[in-house]
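Overview (structure and organization)
Spelled out from the first residue to the last, the chains are:
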Amino acid sequence: MDRQGAFPFLNPREFRLTESHADDVALLNRLLGDLLREQGEGDVLELLHALCASAGTSAKADCTKTGTEKIIRILRAFTIFFHGLNKIEEKETIRVNMLRQNLPASASRPESIAAALSELRGLGIDASQIQALLEGLEVIPTFTAHPTEARRRAVLDGLNAIVHCLADRMLSAGVPTLDEPLERAARIERDLRRLLVQLWETREIAPHSVTVEEEVANALYFFEQTVIPVAVWLHQDLKAALEANYPGETFSLPVVPRFHSWVGGDRDGNPNVTPEDTWRTLHAHKALILDHYLAEIDRVERDLHLSSKLVRVDPELLKSLAKDDAELPLPPSLRERLADEPYIRKLAYIRERLRATREHVHGLKDFQFKDDDVPMRDTAYGNRAQFIADLELCRRSLISHGAARLAESGPLAELALKARLFGFHLASLDVREHSEVHEEVVGELLEAAGVLGSARYAELDEAERVAVLTRELKSPRPLVPRHWKGSERTRDLLELFRLIRHAKRHLSRKSVLAYVVSMTHGVSDILEVLLLAKEGGALRTRGNPPTWHCDIHVVPLFETIEDLGRCPDLVQAMLKHEVYRASIETKGSLQEVMLGYSDSTKDGGFLAANWALYRAQERLAAACREAGVFLRLFHGRGGTVGRGGGRANRAILAQATGSLGGRVRFTEQGEVVAFRYSLPPLANRHLEQIFNAVILASAPGRGQPDVDPAWPEVMDHLADHSRRTYRKLVYDDADFWSFYCQASPIAHISHLPIASRPVHRPTGGGAEDVGLHSLRAIPWNFAWTQNRYCVPGWYGVGSALEAFAGESDERLRLLRKMHREWPFFQVLIENAQIELVRADMDTAALYAARTQPKGLGKKFHETIQSEYRRTKEWVLKIIEDDRLLAHAEPVLRTVEMRNRLLRPLSELQIALMDAWDALPEDDRGREHWQEALLLSVTAVAAAMQSTG
């Protein structure tokens, strides 16, 4: 126990952490205490100590009387400490995985690419089977801008600098480094103190709402700092693992991983994303990757000062140099200096072509989407294939004269690999829009064209809509002339489709690949997008009889329990539609389907949503097999368990049999992006676990164990009962919304400037129509995390298990067997355990107690607490243990340590909410009270390591 620390009662060794972990926590505590004293915050330090030493909210209520200025500084101390704890845990994760490098040669790091291929080799899977698996392998992480990152970019940068200091400190004093001062330990502590001052004096919350442009810049930061190098590492790991496990065999490697992004293209409920924003985003993607390639040329040059007087150069390279000399001659002095260094000469030409390409792209930044072409300089690269060809030419020449090591590893090989992975587009941008918007716009276009007579499109039934849309898709004429002036929304959407066409022509064919349709309910929702694409020039017919070519994959998104239940039939109907089927046949007969985890859980609860998602995967796979097309599932997972979070590799291994096929796409959302991609080794570990799971789950003869036919029937029973229990709490009680709003800080979460998108979906009914139905799933989960109920991750599970097996030992034995042998049920119970451990009913009771009338809060708390106890009891029965997460001891230890500080922080938040409610509307200090409240939200989010 460090009595000089910011939290003197906190003794990290009491929680049986590793020596390294405990030492870092103790250091952070001591340095934060020193910081507060140095900053003249002795009174704040005393208040902080008193808050943590006292019990109950009365002491915290007294604290609010000290004024907002001191409260804000107290909350900032909490926040900085929890952020520091999070970075320490990240460093520990990296340290543990680094130590696994020292495993015996016969072993591999668990859940790595090498471990997967070693297991397959042990099962007798031969090289031809591995090659077939590789040919279908697709791993596509997709960054989204969902509003769950509560930290500013400046704060994230400071925290990353701290974790680098801690990593330096982790090195033994006896280990020499070649780029550090001799007094390294003293330097590291000085840097840590400086960085803590920097965080202390930087506003935690941005002074304004995040703009779309800032969201794009934040996403690109992670691409530049982490994604680009880690993608190369993973590809190299795959190559090395193949060579180690199948020596002497030659494999054709897939271009994996490939990244997509929604940032700047997700329009669903976000009026701030315009076609101009989307164009600037695509432009920024291409500009960044070209700048990266230009910088990498310098690295390659340092590696290839090879003289033609010492080596034989491939004639093909010499012929290429002659062509380059004719097209863009170098200055005579430079040409003379490089006369015997052919590789440096070639790189000089590559640099000039990249510069010309970059200049051309610079001229496209404010490009208007017109039919006339933008001329490109002859010396620029027209596409990535030309760039790759130049790099491969250098590699072949190196191999020809015995320098294969320079060709197959090092800067040139890495640049050639990056060019294949990221092309000239960096990441494909997805566009997303709500189906209701398409319906409205298509209705306006049809009315303007006069094709429906006196009828209105919105009043047609589904069959009539499909008939009208099919007829118009087959018609060669446009519905409206190019310069027709409709409503602003219609003009905006047509402009978007013209943008897609031009982006593919002028930026990259891979710039936009997918258009996601939120809330897809029928085939017409998909055909509407095709019709809009036709109007915008992104869907074209060729030949006679005509074939349809669409520039984009139209991806249905199924989000509610009801839609998940009927989506296989809907996809089957889509695939039978002549125009739609033709549009995907030009894309390799690939059908992508997105599954929404957040809204389905908000709709039906944790257990029912997970089972509906599993059944949808199973039936979608069967429907696509029957139709003769490939299926790629796109999993819309969030950070918390209630939004599909949890261990992604375990979730992949638990997918329905036959639903994977080597292809997986998944979202990386909000704070999850910062957690998984802030440090390259963390991203490396996260993605290698994904690869491990996809390879194992897709391998012939290795997939999932057979599912007992009785088990789905059990799950049907459990899901039905769980859903009814959940909806009885959330939807069937008219008083629930009042309880939820008072017993959580949901009213304040909407004021956090953490994204460009509102927390409520637009309803058209004005402010008075805002409620549970319009609330997005992200803030829904966020608020339950803040008040420690964590309802979306477990509620309804206990009642369902008890109803099924409460009076039957035989049924309990069946549930235990399901848990032992069925990966899906294992993951379901494991994720429920995570949220049960994160929940704290004693703290939650304090939030419920502030509800008016008092009886309302008591009623709902007792209902939730009763279900919590029931769920915990039955989960323990099934796992046959006396503790939740007994298999994850390190997780339990860190949760226990955090809870020691979380309770006083939650009590302070409650006191602030009470004080806010008591403020007169015209109180001049409301702005400062709101800042304090928002800081309490970010502090709890840091402590819980999640928001939405």
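Residues numbered from 1 in each chain as written. Predicted model: local features only at pLDDT ≥ 70, side-chain atom pairs only at ≥ 80, totals over all residues. Heavy atoms only, no water.

**A word on the overall build of the chain**
Along its length, the chain carries 38 helices and 11 strands. Expected size for 948 residues packed as a compact globule is a radius of gyration near 30 Å; at 29 Å, the chain falls within 12% of this value. Taking the principal axes of its C-alpha atoms as reference, the chain extends roughly 85 × 85 × 65 Å. Across the 948 residues that make up the chain, the buried fraction comes to 60%. In the chain, the share of contacts with a sequence separation of at least 24, taken over all contacts with a separation of at least 6, comes to 82%. As displayed, the chain offers around 37,600 Å² of accessible surface, 50% of which is attributable to carbon and sulfur atoms. (Helix = DSSP H or I, 4+ residues; strand = E, 2+ residues; numbered from the N terminus. Rg over C-alpha atoms; globule rule 2.2 N^0.38 Å. Buried < 20%, exposed > 50% of the residue type's maximum accessible area, 1.4 Å probe, protein only. Contact = heavy atoms within 4.5 Å. Areas by Shrake-Rupley, 256 points an atom, 1.4 Å probe, with all protein chains shown as cover.)

**Section: the confidence of the model for the chain**
Should the pLDDT be low somewhere, the predicted coordinates at that spot are not to be read in detail. Confidence in the prediction for the chain averages 89 pLDDT; 92% of positions are at 70 or higher. Scored below 50 in pLDDT, residues 765-769 makes two contacts in the model with residues more than four places away or belonging to other chains. (pLDDT = per-residue confidence, 0-100.)

**Let's talk about the environment of S698**
With respect to the secondary-structure elements, S698 resides in helix α27 (residues 680-698). Not counting chain neighbours up to four residues away, the residues in contact with S698 comprise L133, L660, G661 and G662. Here the side chain of S698 touches V694 through a polar contact of 2.7 Å, landing on its backbone oxygen. (Polar contact = N/O pair within 3.5 Å; in protein donor to acceptor, adjacent residues only side chain to side chain.)

**Topic: the pairing of strand β8 (residues 553-558)**
Within a regular beta strand, the side chains point alternately toward one face of the sheet and then the other, so they alternate between its two faces. With respect to burial, β8 is a largely interior element, six of its six residues being buried. Side chains of β8 alternate between two faces, with H553, V555 and L557 and V554, P556 and F558 buried alike. The pairing of strand β5 (residues 514-518) with β8 spans four bridges and is classified as parallel. When the bridges of β8 are listed, Y515 appears paired with V554. The pairing of β8 with strand β9 (residues 590-596) spans two bridges and is classified as parallel. From the neighbouring strand, F558 faces β9, where its bridge partner is L595. (Pairing = 2+ DSSP bridges.)

**Overview of the packing of helix α33 (residues 809-821) against helix α34 (residues 823-838)**
At a minimum axis separation of 6 Å, α33 and α34 run at an interaxial angle of 100°. With respect to each other, α33 and α34 are oriented roughly perpendicular. Across from L815, M818, H819, R820 and E821 in α33, the residues of α34 making contact are P823, F825, Q826 and I829. Split by residue class, the contact of α33 with α34 holds five nonpolar, two polar and two charged. (Axes fitted to C-alpha atoms, helices over the stretch in contact; angles between N-to-C directions. Parallel < 35°, antiparallel > 145°, perpendicular 65-115°, else oblique. Nonpolar A, V, L, I, M, F, W, Y, C, P; charged D, E, K, R; others polar.)

**Describing unusual backbone geometry**
Among all residues save glycine, negative phi is the norm, and among peptide bonds the norm is trans. Looking along the chain, the bond that leaves V256 and enters P257 is cis, with omega of -10°. The topology assignment puts P257 in the loop between α9 (212-245) and β2 (260-261). Residue P853 is reached from Q852 by a cis peptide bond, and omega for that bond is -5°. Backbone geometry at L426 places phi at a positive 70°, although glycine is not the residue there. Structurally, the position occupied by L426 is in the loop between α16 (411-422) and β3 (428-429).

**Points about helix α6 (residues 127-135)**
Within α6, burial applies to A127, I130, Q131, L133 and L134. Around the axis of α6, the buried residues are gathered within 160° of arc, so they sit on the same side. Facing away from the buried side of α6 by more than 90 degrees, the exposed set consists of S128 and E135. Looking at the buried positions of α6, the neighbouring elements they touch are α5 (113-122), α9 and α27. (Arc of directions from axis to C-beta.)

**Notes on the pattern of salt bridges**
Scanning the model with the defined rule gives 81 salt bridges in all. One salt bridge in this structure joins K858 and E862, with 3.8 Å as the shortest N-O distance. Here K858 and its partner E862 are both found in helix α36 (residues 854-879), four residues apart, which amounts to about one turn of the helix. Residue classification places E862 among the partly exposed positions, given a relative accessible area of 43%. By sharing partners, the salt bridges in this structure join R30, D34, R37, E38, E189 and R193 into a single network. (Salt bridge = Lys/Arg side-chain N within 4 Å of Asp/Glu carboxyl O.)

**Observations concerning the side chain of Q617**
Assignment of secondary structure puts Q617 in helix α24 (residues 606-627). When its relative accessible area of 4% is taken as the criterion, Q617 is described as buried. Separated by 3.4 Å, the side chain of Q617 and the backbone nitrogen of A656 make a polar contact. Among all residues touching Q617, those that are not within four sequence positions of it are L595, Y597, L633, H635, Q655, A656 and S659.

**Re the sheet that holds strand β1 (residues 138-143)**
If you walk across this open sheet you meet the nine strands as β3-β2-β1-β11-β10-β9-β8-β5-β4, and the pairing is parallel. Bordering the open sheet on either side are β3 and β4 (431-434), each of which pairs with just one other strand. Those strands touched by helix α17 (residues 435-449) are β4 and β5, and its axis lies near 75° from that of β4.

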